[in-house]
Amino acid sequence: MKRSPVTLEMVAAYDNVAGAAVTAGRGKRTIPEVRDYFSVFEGNIARLRDSILDGSAPVGAMRQFRMFDPKERIISVPSFADRVLHHALINRIGPVIEKKMVDDSYACRTGKGCHAAIRRAQQHSRRYAWFVKIDIRHYFASIDQGILAALLRRTFKDDELCNLLERIIAGFHSSPGKGLPIGSLTSQYFANYYLDPLDRFLLEELRVRGMVRYMDDIVWWCDNGVAARSNLDDVTEFIERRLFLSVKDNRQINRAAHGLPLCGMRIFPGVILLGARRRRRFAARRRFWETAYCSAVIDSGRLQRSMAGVLGITAGADVRAWRRRQLILRPAVDA
């Protein structure tokens, strides 16, 4: 693998760091921490550049909170100074990681995303008869920091840059030597890149018919059930021995015609339907905003704007008739 020549000095360049601060602060200038940072902008940029070059970055402070949508997660938000550092870093290393990844990885990548993954999955389901779907148990918390650091050192040749990456990785632990924080920009890139060896194993060694990965949700297609079961055994062994991860028990082998659950949708060769979780979320959010309107907490204009967001939950699915029924029925139901 040819390593990238990106250096620590490129990360610390004034235009890169200043631009990263503007990006990180976009839409957040009223937050006290962000407002204070920009009140002495030049001084903070100079301090950050010095800390990058002398090896004292990152700050390492994080604020944690719980989020319950769609399931309970602990979110760890870095200090604003570290968020600026992360943006400056991703400005330089992000394009390198992006270029090295396979096309059919869709999370946290420009021009891809959830809806593109769903469309690609339907294309594969139209062409191939069987699929296998797995996801990783406690993925972010289980990432091995040593394996990740080694992967990044095989990607970037500058030692000082790699040292900075390793300090950022080591700034969080779910257990000794394990874990990345959910809520950090660098974590999104690192976690996505961590499974790139698995993508290549599927495509280049097992030569599966097709694959789609959305972070740790992985699905691939085969011609028959025998090949699907054989590939599943090989992939499970690769994940456990090479990446030190484990596959959840909810692994699936099924015919594409029976429907593939992915990104909250149920994907069939001829139609895309909402999954049960999205239907429940649609009903709950609709009920919330209609109750607020009936209680005179919001006016009709706010209700209309809010419902536009609720309808966004159904984007990409072939559910026009179902959605029409939901908007007529009282009370909101999950049907």
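So, a few notes on the structure that sits alongside this text. (Residues numbered from 1 in each chain as written. Predicted model: local features only at pLDDT ≥ 70, side-chain atom pairs only at ≥ 80, totals over all residues. Heavy atoms only, no water.)

## Topic: the layout of surface pockets
And then number 1: Here the second largest pocket is characterised by a volume of approximately 350 Å³.
And then number 2: Taken together, 17 residues line the second largest pocket, and the ones lying closest to its centre are Leu151, Arg154, Asp196, Pro197 and Arg242.
And then number 3: Sorting elements by how many residues they give to the lining of the second largest pocket places helix H11 (residues 196-205) first, with 6 residues.
And then number 4: Across the lining of the second largest pocket, the residue classes tally to 10 nonpolar, no polar and 7 charged. (1 Å grid on protein atoms, 1.4 Å probe; cavity = no way out; pocket = protein on both sides within 12 Å on 5 of 7 lines; lining within 4 Å. Points joined across faces, edges and corners; volume = space filled by probe spheres on them. Helix = DSSP H or I, 4+ residues; strand = E, 2+ residues; numbered from the N terminus. Nonpolar A, V, L, I, M, F, W, Y, C, P; charged D, E, K, R; others polar.)

## Describing empty space enclosed by the protein
Where empty space is left can be seen by rolling a probe of water-molecule size over the atoms.
And then number 1: Tallied over the full model, the rule gives 2 cavities of 30 Å³ or more.
And then number 2: Considered as a void within the structure, the largest cavity measures approximately 120 Å³ in volume.
And then number 3: In terms of lining, the largest cavity is formed by 16 residues, of which the most central are Pro58, Met62, His86, Ile168 and Gly171.
And then number 4: Broken down by secondary-structure element, the contributors of at least two residues to the lining of the largest cavity are helix H5 (80-100), helix H9 (159-170) and helix H10 (185-194).
And then number 5: Among the residues forming the lining of the largest cavity, the class breakdown is 8 nonpolar, 6 polar and 2 charged.
And then number 6: Size it by volume and the second largest cavity reaches roughly 40 Å³.
And then number 7: Along the walls of the second largest cavity sit Ile97, Glu98, Met101, Ala107, Cys108, Arg109, Gln188, Tyr189 and Asn192, which together make up its complete lining.

## Some remarks on unusual backbone geometry
And then number 1: Looking along the chain, the bond that leaves alanine 57 and enters proline 58 is cis, with omega of 5°.
And then number 2: By the element assignment, proline 58 lies in the loop between helix H4 (41-54) and strand E1 (62-67).
And then number 3: Notably, phenylalanine 244 is not glycine yet its phi reads approximately 60°, a positive angle.
And then number 4: Mapped onto the fold, phenylalanine 244 is located in the loop between helix H12 (225-242) and strand E6 (252-255).
And then number 5: On the basis of relative accessibility, which here comes to 46%, the residue phenylalanine 244 falls in the partly exposed class.
And then number 6: Non-glycine residue cysteine 263 carries a positive phi angle of around 55°. (Buried < 20%, exposed > 50% of the residue type's maximum accessible area, 1.4 Å probe, protein only.)

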